[in-house]
Amino acid sequence: MTRTIIHQEEPICALATPNGVGAIAVIRISGLGSIDIVNSVFKGKDLTKVKSHTVHFGTLYDGDKILDEVLVTVFRTPTSFTKEDAVEISCHGSDYIVRNILKLLVKKGARMAKPGEFTQRAFLNGQFDLVQAEAVADLIAADSEASHRTALHQLRGGFSKQLASLREELIHFASLIELELDFSEEDVEFAGRDELRELIHKLNGTLVPLIESFDFGNVIKEGVPVAIIGAPNVGKSTLLNALLNEEKAIVTEIAGTTRDVIEDTLVIGGIKFRIIDTAGIRETQDVVESIGIERSKKAMAQADIVLLLFDSEENRQKLETLTKELTDQKKFVWVRNKADLGEPLTPTLSSEERELEDRGENTRYTNEQHPPLASKERGQGGEVTYLSISAKNGTGIEDLKSALTRLANSGVQSDTIVTNLRHYEHLVKTHQALNDVLRGMDEGITGDFLAQDIRLALYHLGEITGTIVADDLLANIFGKFCIGK
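Bear in mind the structure is a predicted one, so any value in this text is a computation, not a measurement. (Residues numbered from 1 in each chain as written. Predicted model: local features only at pLDDT ≥ 70, side-chain atom pairs only at ≥ 80, totals over all residues. Heavy atoms only, no water.)

1. Focus on the overall build of the chain
Along the backbone of the chain there are 16 helices and 14 strands. Among the 485 residues that make up the chain, the fraction classed as buried is 48%. When contacts within the chain are restricted to residue pairs at least 6 apart in sequence, those whose partners lie at least 24 apart make up 64%. For the chain, the exposed area adds up to about 24400 Å²; of that, 51% sits on carbon and sulfur atoms. (Helix = DSSP H or I, 4+ residues; strand = E, 2+ residues; numbered from the N terminus. Buried < 20%, exposed > 50% of the residue type's maximum accessible area, 1.4 Å probe, protein only. Contact = heavy atoms within 4.5 Å. Areas by Shrake-Rupley, 256 points an atom, 1.4 Å probe, with all protein chains shown as cover.)

Take a look at the structure:
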């Protein structure tokens, strides 16, 4: 339901820019009387008479004491972020100045804002829905192009519009079924069951891609975990350093130099990756190294993408055995390193790989023999890519980065990406409720039970955006039908 009544609450104030010394700081105050409060300590124009969205230079005084020369921006209800009267004070970025301005505002009648309270007031006053409110925090926290793009899409209402469309269609049928309950003694059917079934299949066609996008959305926020796996001395740490373009890991000719996992982040193609260098996997009696190897296997199990690095056919076969232990779907990149040594490998190909080889699609090991990238399906759907590189001199590193971005983006079917766990949970519950409606119609249950499941689906959709379902449902019924007739 659209909220149109603006509630101006007590004035709140807070520092809107990060803590710490800087060139400037911005202090925000919002609520009933906020313009009067700032005006009472500001020497310059009379802020009570200026237009909204105007900036004014002046001086802040605490009694006869000058605090700072400032720029004051005035926002009048309902055109501010919170839809309340609001003021932003741009002052010099001194901790002392900021602290004393906030102290002065509190002394004049404001109180310190709680975490997220400005955005909460914006939501309560109808500036945006809960999805958009949560997107504000995501936008602030965005540290890659992909996370920024996703948060901005949600802030601008992309996700909300999809949910609103789903709810509007479902509310119409819910209204009709509610009417059936009112006229149950007359045995009439306002909501055609075939039409309802068709609608639910259509809604599920939108819900399922949104639900499936969550895994990708989660890694957009947290970073795609990429584990570099291989035997000792195949160049894992050298590859990590080459990807990061810095000496992050120690590289020596001594086998087993890396004894623990080393992790760093890298943004490629607007997507954040968490690159994890691991201890070389081998049989060892060294207790410390054994712990590192176990952590390597754990990192491989938890990674979305696994770089299987090898420099000989023997190492490749050992990795092949290791990957068979994984039961879930993985995206594998087989990376033949040390291509600069110019020693072509002559691997034993499986029947599947021979078939790819005959078609010119198998790119195992050497860029000279085949194009640098190819992929095929493995097992239950884990994608496999073959590459040949030299981590030492940088050959093939750009190809590897391209492969990582392609694999990270693969499988995304929806333009809207779900990144919030709360949204995901309610989408799943909505999907379950709609499936219960389908199952109920197959079993021939009565309209009151169908209405219960539809109301549950509407409830969960409303929970995502913060909409009150009951009010929408009543408005829809009374707006389209004359109940007394």
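2. Things to note about the side chain of T150
With respect to the helices and strands, T150 occurs in helix α5 (residues 145–155). Its relative accessible area of 10% is what places T150 among the buried residues. In contact with T150, not counting residues within four places along its chain, are I220, I417 and T419.

3. Side note on the sheet that holds strand β7 (residues 111–112)
The strands that make up a sheet pair up through hydrogen bonds in the backbone, lying either parallel or antiparallel. Taken together, 7 strands build an open sheet; the order of strands is β3-β4-β5-β6-β2-β1-β7 and the sheet is mixed. Bordering the open sheet on either side are β3 (42–43) and β7, each of which pairs with just one other strand. Direction of pairing for strand β1 (residues 12–15) relative to β7: parallel, over a ladder of 2 bridges. Looking at the pairing, C13 lines up with M112 of β7. Sheet contacts for helix α3 (residues 117–124): β1, β2 (22–30) and β7; angle to β1, the most-contacted strand, approximately 135°. (Pairing = 2+ DSSP bridges. Axes fitted to C-alpha atoms, helices over the stretch in contact; angles between N-to-C directions.)

4. Comments concerning the environment of E169
Take E169: it is sitting in helix α6 (residues 158–182). For E169, a relative accessible area of 25% corresponds to the partly exposed category. Between the C-alpha atoms of E169 and L203, which are 34 residues apart in sequence, the distance is 8.8 Å. Aside from chain neighbours lying at most four places away, what touches E169 is L199, K202 and L203. Looking at E169, its side chain comes within polar contact range of the side chain of K202, at 3.1 Å. (Polar contact = N/O pair within 3.5 Å; in protein donor to acceptor, adjacent residues only side chain to side chain.)

5. Considering unusual backbone geometry
Between T77 and the following residue, P78, the backbone shows a cis peptide bond with an omega angle of 5°. Here P78 shows up in the loop between β5 (65–75) and β6 (86–93). Positioned with a positive phi, H53 is a non-glycine residue whose angle comes to about 60°. Along the polypeptide, H53 turns up in the loop between β3 and β4 (54–62). H53 gets classed as partly exposed once you look at its relative accessible area, which sits at 46%. The backbone of K83 shows a phi angle near 70°, a positive value even though the residue is not glycine. With respect to the helices and strands, K83 occurs in the loop between β5 and β6.

6. Observations concerning the pattern of salt bridges
All chains considered together, the criterion is met by 15 salt bridges. For the salt bridge of R274 with E263, the shortest nitrogen-to-oxygen distance reads 2.9 Å. Highlighted residues: R274 in strand β10 (residues 271–277) and E263 in strand β9 (residues 262–268), separated in sequence by 11 residues. Judged by its relative accessible area of 23%, R274 falls in the partly exposed class. (Salt bridge = Lys/Arg side-chain N within 4 Å of Asp/Glu carboxyl O.)

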